[in-house]
Amino acid sequence: MYKNLTFKIYFFIIFLCFYKTSLAASTNIEYPSQDWSFSGIFGTFDKASAQRGFQVYREVCSGCHGMRLLSYRHLSGLGYNNEELKALSAQFEITDGPNDNGEPFVRPGRPSDTFVSPYPNEQAARAANGGAYPPDLSLIVKARADGANYLHALLSGYKDAPKDFNVPEGMYYNTYYPGKLIGMPQPIYEDGVEYADGTKATELQMSKDVTTFLAWASEPEMENRKRLGVTVISFLIVFSILAYFSMKQIWAPIKKKV
Amino acid sequence: MSKNKSKNSVVEWIDYRLPIFTFLNHELNEYPTPKNLNYFWNFGSLAGITLVVMIITGIVLSMNYTAHVDYAFDSVERIMRDVNHGWLLRYIHMNGASFFFIVVYIHIFRGLYYGSYKAPREILWILGVLILLLMMATAFMGYVLPWGQMSFWGATVITNLFSAVPLVGESIVTWLWGGFSVDNPTLNRFFSLHYLLPFLIVGLVILHLVALHRFGSNNPIGIDAKGKQDTIPFHPYYTIKDLFGLSVFATIFAAAVFFFPNFMGHPDNYIPANAMQTPAHIVPEWYFLPFYAILRAIPDKLGGVLFMFGAIAVLFILPWLDKSPIRSSQFRPIYKLFFWILVFDCILLGYLGAKPAEGIYVLLSRVATGYYFFHFIILLPLLPNIEKTRPLPISISKPILSSSSFSTAAAVREKK
Amino acid sequence: MAKKENNNRRDFLVISTYAFGAVGAGSFVWPLIDQMNPAADTLALASTEVDLEPLEEGQAITVKWRGKPVFIRHRTKEEIMSAKKENLDNLKDPQKDEDRVLNEKYIVLVGVCTHLGCVPLGQKTGDVKGEYGGWFCPCHGSHYDHSGRIRKGPAPVNLEVPNYKFLSDKLIRIG
């Protein structure tokens, strides 16, 4: 009966994967897989790329998309130091208040402030975008199936619509958007930003960079998590081996009798 | 162990007045356990440990969580981003739910395979089914707390099940919600109950253990221990074996928590709840999928709900449905075959639960649902009449159906 | 003898397994404890900037810093004089006034009585200021002078001076 055990364990692992694929299969579009710095067990964020991605977000996306779960201080995770963060956050205007007269007032941002949202509320966002709501990007990579590949595909998925495909006013044709009609005009064009580090801002480069940045924003804990995971799992494997041989030794007299 | 019983006068003083040490020694140390338990008997203790881990991480998470529709989602994200080790605690708790169900489902199927529900362990089994029910309620309400899209719509769909009750259905649902839709009052009470129910589970687990220790564990060949030669003390033999099982389990669990924390989750739950928009494809967590498939297989609203609850209710009367006096399916060739069909059937139901309710999937769900009930209600009572069982061994230590290696070894010894 | 060695080896293996288990369980406890320490967002709000421009001589303001009141008083010449010339021998917790201020015009104090954590009176014009003209804690009757030093009552030490610095003549950052 022990011989069967390995088979049975495999069986349950397969059983799990089976469930998962059946879930994944329900989202029907396949996105081309990119080679991301952060994929895999040892993957880490390419900090330079993520910093460039932040620049793209700031100069392009943030006109419409907020990231309300992030604060400027969080950017220290991308390698900015305290002074840089102070200078950076001070460039934003924060409406604070009430002051001693009970009025709201505007002050320069501080690292502890959350990212400034482009719109005060969802209604305003819809009104400014023809009824479509530009989603918050704080969690976008985790909130979409195969998030990073999806975003990259979407950003590079703007094509001319086929002749017989009717694209209504205010909508745009995108091969990777469910239904192929998206309310967001193509956001990224070659040289849309001028990278501080001199990297050539091709469409592909920008889309990779901004996706890396957004992946970091979704899972800022990822590098810590993987690093701790390697330690914990190595520990547990050694522990398992010790426990196994202890068990064999303790059981030896019993097994001998049987 | 008697030497340990002990020179320590403080322990003796306490034990004389409160015999807690005697009790622990008796139940966790000397406790006679069949010597032939296989690794499937690890899952009981694993389930207990997982429960403790869930309660501990849950308590610390609740220190940082805000049960209010405006703050719940953000407070969970604050846990993920700002609270020290918050991401670790949350991912342990989140994946812990899935692993708890994996462990408990294996534990249940082990019980089915080896006939652990049969006399005199009926109450033990029933307590187990009650624990399963409470686990489901707890897991469901816990899934609502992050207040993402799946939380909200899962809550809406599941609470709406009760609207199928004739006459008072609508009132029950309104009562569950504390309003006219899933909203802040619902979230608050779910949080309260999600905190409470695990402690009820602990209570049931204690009863489950009391019932277990009355007659001791069942074992792979399913016959009672005949005497000392068939049993060994729980410690150190099964403590070390459970520890080994735990270490392997923890390794797999850690791999999920640290490297694939969202594998068993759903991306839509990272979108804040929106009462105006249902996600395109809503599915429950994987551990509910078989039941969800049964619900959808029945073309009638009330019928679907009844069958779904019936799928668990039937487990309560299982000890009386299975009339065969033989416990282990090692000696029941036909039952063994149908057991594996049932396993496959449940997996198929789970698969179908994740699929949209259309086309071939509907038909398959009906067939699978049909088999599920056929298995318990018709097959099990009738099987003893037609099944020719294999001869039972005399005792655990002297299996007459011993492997050939045993007899050759004995023969070799004799020759010497 | 060989058997004994064997036993020792077995004991060593089993004991190290248990030790490993204990270490593992112990490390799992740390995140459970650490999550109660201040979170990153709480730490980020740990400093506060205060503009002293509107604060006239003789006036006081109270600002909130790390969830506690901070007293800032723009002292008059007389108050400064009285705080400075106090004989240290008269004090329970001897400290020079110069050591308690960065700019002698402004005294900045954590407004929490060092006895049991009540908030002393003395910030508002009508408040009881105690026998030494500074602050007075109504809970158990501690009297503080113009430098926030304990003069009478059960409090053991002077009012705490928080970490702060002048960013400009009239702007301070606490914390």
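First things first, this report covers the structure right here in the doc. No experiment lies behind these values; they were computed from the predicted model shown.

1. Considerations on unusual backbone geometry
Residue and element names in this part refer to chain B.
Argument step 1. A cis geometry characterises the amide bond from Ala119 onward to Pro120, with omega recorded as 5°.
Argument step 2. Along the polypeptide, Pro120 turns up in the loop between α5 (86-113) and α6 (122-144).
Argument step 3. Within the chain, His85 stands out as a residue other than glycine whose phi angle is a positive 60°.
Argument step 4. Note that His85 resides in the loop between α4 (72-81) and α5.
Argument step 5. Residue classification places His85 among the partly exposed residues on the basis of a relative accessible area of 24%.
Argument step 6. With phi around 60°, Trp147 is a residue other than glycine that occupies positive phi space.
Argument step 7. As for its position among the elements, Trp147 is in the loop between α6 and α7 (149-160).
Argument step 8. For Trp147, a relative accessible area of 6% translates into the label buried.

2. Considering the state of the cysteines
Argument step 1. Within the structure shown, the criterion is met by one disulfide over all chains.
Argument step 2. The thiol sulfur of Cys61(A) is not disulfide-bonded, and the nearest other cysteine sulfur, from Cys64(A), lies at 9.1 Å.
Argument step 3. Judged by relative accessible area, Cys61(A) falls into the buried class, the value being 15%.
Argument step 4. No disulfide involves Cys137(C); its sulfur sits 3.8 Å from the nearest other cysteine sulfur, which is in Cys113(C).

3. Some remarks on the packing of helix α2 (residues 47-59) of chain A against helix α6 (residues 203-218) of chain A
Packed helix pairs are characterised by how far apart their axes lie and by the angle those axes make with each other.
Residue and element names in this part refer to chain A.
Argument step 1. Two numbers describe how α2 lies on α6: the axes approach to 7 Å, and their chain directions differ by 100°. Between α2 and α6, the interaxial angle falls into the category roughly perpendicular. From α2, Ser49, Ala50, Arg52, Gly53, Phe54, Val56 and Tyr57 reach across to α6, where they touch Gln205, Met206, Lys208, Asp209, Val210, Thr212 and Phe213.
Argument step 2. Looking at the contact of α2 with α6 residue by residue, the class counts come to seven nonpolar, four polar and three charged.

4. Remarks on the pairing of strand β8 (residues 164-168) of chain C
Every regular strand shows the same layout, with side chains that alternate between the two sheet faces.
Residue and element names in this part refer to chain C.
Argument step 1. Where β8 lies against strand β9 (residues 171-174), four bridges are found, and the strand directions are antiparallel. Across the sheet, residue Lys165 finds its bridge partner in β9, namely Arg173.
Argument step 2. Linkage of β8 to β9, two consecutive antiparallel strands, is achieved through a turn of two residues.

5. Section: the packing of aromatic side chains
Both the distance between ring centres and the angle between the ring planes are used here to describe each pair of aromatic rings.
Argument step 1. Inspection of the entire model under this criterion finds 54 aromatic pairs over all chains.
Argument step 2. Ring geometry for Tyr287(B) versus Phe288(B): centroids 4.9 Å apart, planes at 75°, classification edge-to-face.
Argument step 3. You can call Phe288(B) buried: its relative accessible area is 15%.
Argument step 4. These aromatic residues form a ring-pair network of at least three members: Phe54(A), Tyr57(A), Tyr72(A), Tyr80(A), Phe92(A), Phe115(A), Phe213(A) and Trp216(A).
Argument step 5. Residue placement shows Lys208(A) over the ring face of Trp36(A); its charged tip is 5.4 Å from the ring centre.
Argument step 6. The ring of Trp251(A) carries the charged tip of Lys241(B) above its face, separated from the ring centre by 5.6 Å.

6. Observations regarding the interface of chain B and chain A
The accessible area lost on association of the parts is a frequent measure of interface size.
Argument step 1. Contact residues are listed per partner, giving 59 residues for chain B and 52 residues for chain A.
Argument step 2. Across the chain B/chain A interface, buried area totals approximately 5100 Å², and carbon plus sulfur atoms make up 76% of it.
Argument step 3. Contact with chain A buries surface across chain B, with Arg81(B), Phe258(B) and Phe259(B) losing the most and accounting together for 14% of the total.
Argument step 4. Where chain B meets chain A, there are two salt bridges.
Argument step 5. With a shortest N-O distance of 2.7 Å, Arg68(A) and Asp74(B) are connected by a salt bridge.
Argument step 6. Contributing elements (two or more residues each) for the side of chain B that touches chain A: α4, α5, α10 (234-259), α11 (289-297) and α14 (333-354) of chain B.

Cut-offs applied
- Residues numbered from 1 in each chain as written.
- Chains lettered and ligands numbered in written order.
- Predicted model: local features only at pLDDT ≥ 70, side-chain atom pairs only at ≥ 80, totals over all residues.
- Heavy atoms only, no water.
- Helix = DSSP H or I, 4+ residues; strand = E, 2+ residues; numbered from the N terminus.
- Buried < 20%, exposed > 50% of the residue type's maximum accessible area, 1.4 Å probe, protein only.
- Disulfide = S-S within 2.5 Å.
- Axes fitted to C-alpha atoms, helices over the stretch in contact; angles between N-to-C directions.
- Parallel < 35°, antiparallel > 145°, perpendicular 65-115°, else oblique.
- Contact = heavy atoms within 4.5 Å.
- Nonpolar A, V, L, I, M, F, W, Y, C, P; charged D, E, K, R; others polar.
- Pairing = 2+ DSSP bridges.
- Phe/Tyr/Trp six-rings, centres within 6.5 Å; stacked < 30°, edge-to-face > 60°.
- Lys NZ or Arg CZ within 6 Å of the ring centre and 35° of its normal.
- Buried area = accessible area lost by both parts, 1.4 Å probe.
- Salt bridge = Lys/Arg side-chain N within 4 Å of Asp/Glu carboxyl O.

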